[in-house]
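Listed below, chain by chain, are the residues.
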Number of protein chains: 2
Amino acid sequence: MQCKQIGGLKHLSDLGLFVQRLLARSRLTEEEQHAIMALPTYEMEVRARQDFVPLGEETDYCCYIASGLVARVGQVKNGSRQTTALHIPGDMADLHSAVRPIGIGGLTALTDTLILRIPHAAVRTLGRDFPAIAEAFWRDCILDAAILMQWAVNLGRKDARSRLAHILCELAIRYGGGRGYPLLEFDLPMVQEQLGDAAALTSVHVNRSLKTLRQERLVTVRGGIVQIHDWQRLMQAGEFDPTYLVADTFPDRQKRLVFQ
Amino acid sequence: MQCKQIGGLKHLSDLGLFVQRLLARSRLTEEEQHAIMALPTYEMEVRARQDFVPLGEETDYCCYIASGLVARVGQVKNGSRQTTALHIPGDMADLHSAVRPIGIGGLTALTDTLILRIPHAAVRTLGRDFPAIAEAFWRDCILDAAILMQWAVNLGRKDARSRLAHILCELAIRYGGGRGYPLLEFDLPMVQEQLGDAAALTSVHVNRSLKTLRQERLVTVRGGIVQIHDWQRLMQAGEFDPTYLVADTFPDRQKRLVFQ
DNA sequence: CGAGCAATTGAGTCGCATCAAGCTAGGTGG
DNA sequence: CCACCTAGCTTGATGCGACTCAATTGCTCG
């Protein structure tokens, strides 16, 4: 890899995964890639079950997930929560806040998590100086919205078993690097209560539904580890079509639409 | 209003509403505003219940809604549909497709609708020549995602009556111009079956729930017309907080973050 | 070894889907 | 002018999926 000089190495290990994700969907020059990795970051350790971005409050920084697992949550008066997205290491969980600092849910750590905070001001400056980076960020936000749309369909129109299967499929593809191939075994440090918040189910029903999936030999979720036994049938069970996640195999011209 | 010269007037009446929406959230110069209104448009008349952007297909144009009502839908194998957004006149229903041409649902006309198609190429060129316009478009996409997040919470965590109340509240605010004040009476040319697709309910249950809301004297939905009788209590019923829709009363500097 | 949290299982209840009519209003043709 | 048709609205009866409450088991850790 490039950028071996002192000082660069740290940034490379920090935001390198993020840049890789961007490159799957957008074309960026070496210079642009380095500019992103040179973003100033401020470490923040968050412990499990801690809300580190409260719902409905403005922030002045974006949260990059270096390690751990984060949920974006909305809330209802009676206290129950609805998770609307799961963010894994390499995700910029609230990139959108750089352009509109309010309106999209709070962020909760599901497990001990290392966040790198990046000031909005730095993100904006980057977008101004490198229009292609602004475009890549914009496209990243669109992908997030596409995932959210599937999430809404999932909540509205499927039964408990299908909803859980869909969530597991989505994570398998995303852990697999978003190129269309699932990772068949991965950590998922969520308790069943938290899975319930994501699937709009109670923990009791999550338990029963996971049991069903296990007995069907589709997938085992136990002790924070997901083992997918039959990817094809799991996709069927979740009515999961990875197209919306991986449709970024555009011809190159489409990865850099605005700026030639 | 400006731009009275021949040829300009037509465009003003076409995309003027769209520019107004953008101005509620982003700062644009006169020149930029005119550049947007000068976008080339191609009329397309769509009749009720017609899918005019099929699910999962790439397009090379954006759809501006000049009149009518449009639903963004996702689909499930068994044939049932889930509406994930409603688009009213003045909305650019799939602005995101300019940057990522696939992945977010299909578009269906709920009533006879006049669409203005705008080639992606023109949108991209505009974004390249006027970075502030690209930023405004980006911000518009974020608002769309914020609405979608609330929609997901709505589907996941509320009962039938609350879900319908929330949808009606959202529309009242948006018809009101997005400045925080609801329009208390508006057309809603949807049949109960279509409301069911939006709220993830059967038409039978939509009917019963609307009856409840009517008997509570909160709102009457009949014959394609919505009459809100008690805005405060309707918001309570839907657990609706308009902040996420109208939190664009930023200080001016925040309406034009990237480019001074 | 007990405390505490999560996973698991059972029994009872409720909200919404499903199936099935009947109703209403607008449109059409004889 | 009335018989008929159709789309949408309304209401009732019944069943299922998910929630709720409650108890038990297993696991981890101090």
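Going by the annotation in an unreviewed UniProt entry, the name recorded for chain A is CRP-like cAMP-binding protein, with Sphingobium xenophagum given as the source organism.

Visitor: Just to check I follow, could you spell out the UniProt feature "domain: HTH crp-type" (unreviewed entry) in chain A for this structure?
Guide: On the UniProt side, "domain: HTH crp-type" (unreviewed entry) is annotated at positions that read residues 158-232 of chain A here. With 52% helix and 15% strand, residues 158-232 of chain A has its two end C-alpha atoms placed 18 Å apart.

Visitor: How should I be thinking about the environment of B:Pro131 in this particular structure?
Guide: Residues and elements named next belong to chain B. Structurally, Pro-131 can be placed in helix 4 (residues 131-157). According to the relative accessible area criterion, Pro-131 is partly exposed, its value standing at 33%. Taking the C-alpha atoms as reference points, Pro-131 and Glu-216, 85 residues apart in sequence, are found 50 Å from one another.

Visitor: How should I be thinking about the pairing of strand 5 (residues 81-87) of chain A in this particular structure?
Guide: When a strand is regular, its side chains alternate between the sheet's two faces. For strand 5 of chain A, the buried fraction is high: 6 of the 7 residues fall into the buried class. If you look at the hairpin formed by strand 4 (residues 70-75) of chain A and strand 5 of chain A, you'll find 5 residues sitting between the two strands, and A:Gly79 has a positive phi there, around 105°.

Visitor: Please explain the protein's contact with DNA strand D as it appears in this structure.
Guide: Taken together, 17 residues lie near DNA strand D, and A:Ala160, A:His205, B:Arg49, B:Gln192 and B:Asn207 sit nearest. Of what DNA strand D places within 4 Å of the protein, 67% of the atoms are sugar or phosphate. A distance of 3.1 Å is found between a phosphate oxygen of DNA strand D and a side-chain nitrogen or oxygen belonging to A:His205. Contacts to DNA strand D include B:Lys211, whose side-chain N or O atom sits 3.1 Å from a phosphate oxygen.

Visitor: Honestly, the nonpolar core in this entry has me stumped. Any pointers?
Guide: Here is a general trend for soluble globular proteins: nonpolar side chains tend to be buried in one another's company. By size, the foremost hydrophobic cluster in this structure holds 160 residues, and its most contacted members are A:Ile36, A:Phe137, A:Val219, B:Ile36, B:Phe137, B:Leu188 and B:Val219. With residues up to four places along the chain from it excluded, the contact list for A:Ile36 reads A:Leu15, A:Phe18, A:Val19, A:Leu22, A:Leu28, A:Leu126, A:Ile133 and A:Phe137.

Visitor: For this particular structure, what's the right way to read the protein's contact with DNA strand C?
Guide: Around DNA strand C there are 17 residues in total, and A:Arg49, A:Gln192, A:Asn207, B:Ala160 and B:His205 lie nearest to it. In the interface set of DNA strand C, defined as its atoms within 4 Å of the protein, sugar plus phosphate atoms amount to 70%. Among the elements of the structure, helix 7 (203-215) of chain A together with helix 7 (203-215) of chain B are those that each provide at least two residues to the surface near DNA strand C. The leading source of residues in the surface near DNA strand C is helix 7 of chain A, at 5 residues.

Visitor: Whenever I open this one, the pattern of salt bridges confuses me. Can you help?
Guide: Pairing of side chains with opposite charge becomes possible as their charged atoms draw close. Residue and element names in this part refer to chain A. According to the stated counting rule, one finds 22 salt bridges over all chains in the structure shown. For Arg-128, the salt bridge is made with Asp-129, and the minimal N-O distance between the two is 3.4 Å. Its salt-bridge partner being Glu-216, residue Arg-161 comes within 2.8 Å of it at the nearest N-O pair. Remark: Glu-216 occurs in the loop between helix 7 and strand 9 (219-222) and Arg-161 occurs in helix 5 (residues 160-175); sequence separation between them is 55 residues. Owing to a relative accessible area of 26%, Arg-161 belongs among the partly exposed residues under this scheme. You can call Glu-216 partly exposed: its relative accessible area is 27%.

Visitor: Please clarify how the packing of helix 5 (residues 160-175) of chain B against helix 6 (residues 192-199) of chain B should be interpreted in this entry.
Guide: Geometrically, a packed helix pair is captured by the angle between its two axes and the distance between the axes. All names here are of chain B. Across the interface, helix 5 lies against helix 6 with an axial gap of 10 Å and an inter-helix angle of 100°. It follows that helix 5 is roughly perpendicular to helix 6 by the angle criterion. Facing helix 5, whose interface residues are Arg-163, Leu-164 and Ile-167, helix 6 presents Leu-195, Ala-198 and Ala-199. Here the contact of helix 5 with helix 6 is built from residues that sort into 5 nonpolar, no polar and 1 charged.

Visitor: Would you mind going over the state of the cysteines with me for this structure?
Guide: Any covalent bond linking the sulfur atoms of two cysteines counts as a disulfide. Counted by the stated rule, this structure contains 0 disulfides over all chains. The thiol of A:Cys62 is not disulfide-bonded; the next cysteine sulfur, from A:Cys63, is found 7.4 Å away.

Visitor: What's the story with the packing of aromatic side chains in this structure? I'm lost.
Guide: A ring pair, where both rings are aromatic, is described by two values, the distance of the centres and the angle of the planes. Applying the stated criterion across every chain yields a total of 10 aromatic pairs over all chains. Ring geometry for B:Phe240 against B:Tyr244: centres 6.0 Å apart, planes inclined by 75°, an arrangement best described as edge-to-face. Take B:Phe240 and B:Tyr244: they sit in the same class, and that class is buried. In textbook terms, an aromatic cluster arises when at least three aromatic residues are bridged by ring pairs, as seen for A:Phe18, A:Tyr64 and A:Phe137. Note that A:Arg117 overlies the ring of A:Tyr61, its terminal NZ or CZ placed 4.1 Å from the centroid.

Visitor: Is there a simple way to explain the side chain of B:Gln150 in this structure?
Guide: Residue and element names in this part refer to chain B. Here Gln-150 shows up in helix 4. On the basis of relative accessibility, which here comes to 17%, the residue Gln-150 falls in the buried class. Residue contacts for Gln-150: discarding those within four places in its chain leaves His-166 and Tyr-244.

Visitor: What am I meant to see in the sheet that holds strand 5 of chain A here?
Guide: What links the strands of a sheet is backbone hydrogen bonding, and the strands pair in either a parallel or an antiparallel sense. All names here are of chain A. The 4 strands lie next to each other as 2-6-4-5, forming an open sheet whose pairing is antiparallel. Of all the strands in the sheet, the pair left with one neighbour each is strand 2 (51-53) and strand 5. In this sheet, adjacent strand axes meet at a mean angle of 40° when their direction is disregarded. By the bridge criterion, 6 bridges tie strand 4 to strand 5 in an arrangement that is antiparallel. By the bridge assignment, Val-70 is partnered in strand 5 with His-87. With respect to the sheet, helix 4 (residues 131-157) is in contact with strand 4 and strand 5, its orientation differing from that of strand 5 by roughly 140°.

Rules and cut-offs
Residues numbered from 1 in each chain as written. Chains lettered and ligands numbered in written order. Predicted model: local features only at pLDDT ≥ 70, side-chain atom pairs only at ≥ 80, totals over all residues. Heavy atoms only, no water. UniProt positions renumbered as here; feature names shortened; annotations may be inferred. Helix = DSSP H or I, 4+ residues; strand = E, 2+ residues; numbered from the N terminus. Buried < 20%, exposed > 50% of the residue type's maximum accessible area, 1.4 Å probe, protein only. Pairing = 2+ DSSP bridges. Near = heavy atom within 4 Å. Polar contact = N/O pair within 3.5 Å; in protein donor to acceptor, adjacent residues only side chain to side chain. Core = buried A, V, L, I, M, F, W, Y, C linked by side-chain atoms within 4.5 Å. Contact = heavy atoms within 4.5 Å. Salt bridge = Lys/Arg side-chain N within 4 Å of Asp/Glu carboxyl O. Axes fitted to C-alpha atoms, helices over the stretch in contact; angles between N-to-C directions. Parallel < 35°, antiparallel > 145°, perpendicular 65-115°, else oblique. Nonpolar A, V, L, I, M, F, W, Y, C, P; charged D, E, K, R; others polar. Disulfide = S-S within 2.5 Å. Phe/Tyr/Trp six-rings, centres within 6.5 Å; stacked < 30°, edge-to-face > 60°. Lys NZ or Arg CZ within 6 Å of the ring centre and 35° of its normal.

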